[in-house]
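Residue-level structural notes
One letter stands for each residue in the lines below.
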Amino acid sequence: MSLLRRLLRLAVLGGLGLAWLLAGVYLYLGPGLPDVETLRDVQLQTPMRVYTADGELIGQFGEQKRNPLAYADIPPQFIEALLAAEDDGFFEHGGIDFMGLARAVTELVMTGEKRSGGSTLTMQVARNYFLSLERTFLRKFKEILLAIEIERRLDKEEIFELYFNRVFLGHRAYGFEAAAQVYYGRSIGELTLAQHAMLAGIPKAPSRDNPLSGPEAGRERRNWILGRMLSLGLITRAAYEEAVRAPVTADHHGPQATFDAQYVAEMARKEMLERFGSEAYTAGYEVYTTLRGDLQRVAQRAIIDGLLTYDRRHGYRGPELELPVPGPVAAAGDDGEAAAPAVGDDPNAPPGATPLPREAWLATLAELPAVAGLAPAAVTAVEADRVRILLADGSEDEVLWENGLRQARPYLSENAVGSAPGSPADVLAVGDVIRVDRRDDAWRLSQVPAAQAALVSLDPDDGAIISLVGGIGFELSKFNRATQAERQPGSNFKPFLYAAALDAGFTAASIINDAPIVLEDASLEGIWRPENDGGKFYGPTRLRWALTKSRNLVSIRLLRQLGVSRLIDYAGRLGFDTSDFAPDLSLALGTHAMAPLELAAAYAVLANGGYRVEPYLIARVDDSVGETVWAADPVRICRDCEGRELSMEEILAGENANGHRRAGRVMDERVNFILDDMLQDVITRGTGRRALTLKRKDLAGKTGTTNGPMDAWFSGYNRDVVTTTWVGFDAYTPLGRREFGGTAALPIWIDFMREALADSPDRERPVPAGIASVRIDPETGRLAGAGDSDAIFEYFREEYVPAPGEGGGEDVPGKTGTDDLIRDIF
């Protein structure tokens, strides 16, 4: 009894001493502890996500991959798995689990390993949010005190949610939802019991126990957690046995973009970085672009198909790589052909065949990304009517003679191809790395096109970018040709010269002589002898016909009469950056380099009736809780606004109508109407005739081809959509002498616009007031006589209707009209 009393006194004194010690520690450390209330407003570093206008994810940017979830959205099975691993008494203790601490010490003594943590989830929240990872008693005391305070201020669900969304889980994944996406490519609610247990085991050693870096260590940890769940009565024996038998199925998954639009996503990233700084990567911004997901898919497919079609016209350039083939190859068989080398340990290999280094080949294929859907493959055997291939996923298949092999005439130059092959052996050999395309349930021989292309499509009413493709594949080249490639537009620029001429008093019936011209111009470094395509000259030509047929010499003479400075001033009004325009006559042929986006924006002026709009990509930016923190406010066409039109100066000063900033008119309405009518002739009678396949009457546009030819363009529109396409080589090499804007770029435009205009009604543009439709002689541009059977109708601004006998020559037509020869004045 005496001993017992002494022990009791010691216990009481020890308890009092511990209480005094804890009180002293609290008094010492308490004032320096962070405010736990800040956890209610904690800002987790969450990546920026970029979406189409209709909410499809196209990009994610940020160092930390994180997808925060509310407690109510976390699957109960995972909660049980995590608590079994880290803190099974979480919902009972007050922040400190003394039994858990004792169990951890016991496990450490008995096994030499620390499997269950001594720290509760609350203590880990305190450490993750407020403390460093240094291993000191002082930090541990702070952790305990903070855990007690956290339990006082927050409920259990809030604490669990904080832990769930913050903890680091390897491979830049923070939080368990992000880890589920990284390792399994699915939401945590879609995972199996085995996968939940695998994720729950990662926090103990994120770099070692994650299923990618340490699959065996991860499996061992997973199975221990499953055993804990079984012993705690959280799962049945059958569920346990099924889960421990499950293989480790993790793989590395990137952001789960709905579809590939990386050029646009990168544009949005750069703009967000300029607007929000480094916070763009961490604040969880949701960026909604103006992109239409359905049309972006169409645009990408149009670019790929257009380049593949161009590429096939110019022959097969051979394999991308030639892998080493072990030898010697087995002796010829009974049919006189050499036995094919075997792939690995192929039991069906011919007798004596030399095994191919399958694993080495697969390693090489794994380093080659699929480009535009074209998969890399290695040729493993060449037979009389097919080749056998090894794909990057380890599967084996074949390419039949008819599926691209027979058509693989060799590339000789951009202007010539070789003879058709007679057998697969004329095209490929064992070890060749090729590209194949899966179509109609069969693999076809293909190749990554050497040429590149770009497409930009805008809403002409406000400049919103509805589709943009900067090349055949972002994985091949991150250079965005839609915005960064400044190339000569050639004749694609001519409509703006003709607009300036119409504005200055020329008419669609003005006659300019299409004849040889020799110019001496110091800025052009001497003598310049421009020519038409084909080298022919056609004599006196009306401006309408010259634009329809893209006559170079007419354009040069027109610019000489108009004046270079007048064209530069007019182009600046339309939105071109004219600071670097060379002040010489070569501007008539589109020699000033510009990006497709700049050209598309200028064509938007033609499409919308003469108003200047600015292209924009980001429509709005929401924060992590869904509040809009920024929204675009572009100038817009206001077709239904009442009252006078606003000048550009008034627009820039902030004038608006109907709640929008109104776009200012930069092109006379009647000039715009006449030029649009002329560009419709390019489609119906000129270099853009291929577009007639769309069977529409409201299309207008212009081809463009530069010397070489180096660049092929087509820009065209109706009232609802304006689109520019470009094709060329990054290295500025020729496309081939039979390639033009109408053969290389226009087919891409057609494929895109077929879908883009599916819901756009085919409607005629209304004729503005002050336009006269007059009968003229097509040869002279003069008013036609009453009995002139060859007369045609032409549109004029009413003050520029030619008087009788006027209209020909190189002078601007007269400004008086004759009523009996005018069909209508609108």
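First, a word on what this report is: a plain description of the structure on this page. (Residues numbered from 1 in each chain as written. Predicted model: local features only at pLDDT ≥ 70, side-chain atom pairs only at ≥ 80, totals over all residues. Heavy atoms only, no water.)

Given 3.6 residues per turn, any residue in an α-helix points the same way as the ones three and four places further on. Of all 8 residues in helix 8 (residues 193–200), 8 are buried; the element is thus mostly enclosed. When helix 8 is considered as a whole, its buried residues turn out to be Leu-193, Ala-194, Gln-195, His-196, Ala-197, Met-198, Leu-199 and Ala-200. Those residues of helix 8 hidden inside the fold are in contact with helix 2 (76–86), helix 7 (176–184), helix 9 (206–209), helix 10 (215–231) and helix 11 (237–245). (Buried < 20%, exposed > 50% of the residue type's maximum accessible area, 1.4 Å probe, protein only. Helix = DSSP H or I, 4+ residues; strand = E, 2+ residues; numbered from the N terminus. Contact = heavy atoms within 4.5 Å.)

Another point: the pairing of strand 27 (residues 722–728). In terms of residue burial, strand 27 counts as a mostly covered element, since 7 of its 7 residues are buried. By the alternation rule, side chains of strand 27 split into Val-722, Thr-724, Trp-726 and Gly-728 and Thr-723, Thr-725 and Val-727, which are all buried. In textbook terms, the turn of a hairpin is the stretch between consecutive antiparallel strands, and for strand 26 (residues 711–717) and strand 27 this stretch comprises 4 residues. (Pairing = 2+ DSSP bridges.)

Formed by 93 residues in total, the largest nonpolar core has its most connected members in Phe-496, Tyr-498, Ile-556 and Phe-576. Ignoring any residue separated from it by four or fewer positions in sequence, one finds Ile-556 in contact with Ile-517, Leu-519, Trp-528, Pro-530, Leu-585, Ala-588 and Leu-589. In terms of nonpolar packing, the next biggest core, distinct from the first, is built from 50 residues, Tyr-163, Ile-188, Met-229 and Ile-235 among them. (Core = buried A, V, L, I, M, F, W, Y, C linked by side-chain atoms within 4.5 Å.)

In space, the 5 strands of this open sheet follow the order 15-14-27-26-25, with antiparallel pairing throughout. Each end of this open sheet is capped by a strand with a single partner; those strands are strand 15 (465–469) and strand 25 (700–705). Taken pair by pair, the neighbouring strands of this sheet meet at an average axis angle of 5°, ignoring direction. Bridge count between strand 14 (residues 452–458) and strand 15: 4 bridges; the pairing is antiparallel. Bridge assignment links Leu-455 to a residue of strand 15, and that residue is Val-469. The strands touched by helix 13 (residues 293–313) are strand 14, strand 15 and strand 27; relative to strand 15, the strand with the most contacts, the crossing angle is about 30°. Sitting on the sheet, helix 20 (residues 596–607) is in contact with strand 14, strand 15, strand 25, strand 26 and strand 27, with an inclination near 150° to strand 27. (Axes fitted to C-alpha atoms, helices over the stretch in contact; angles between N-to-C directions.)

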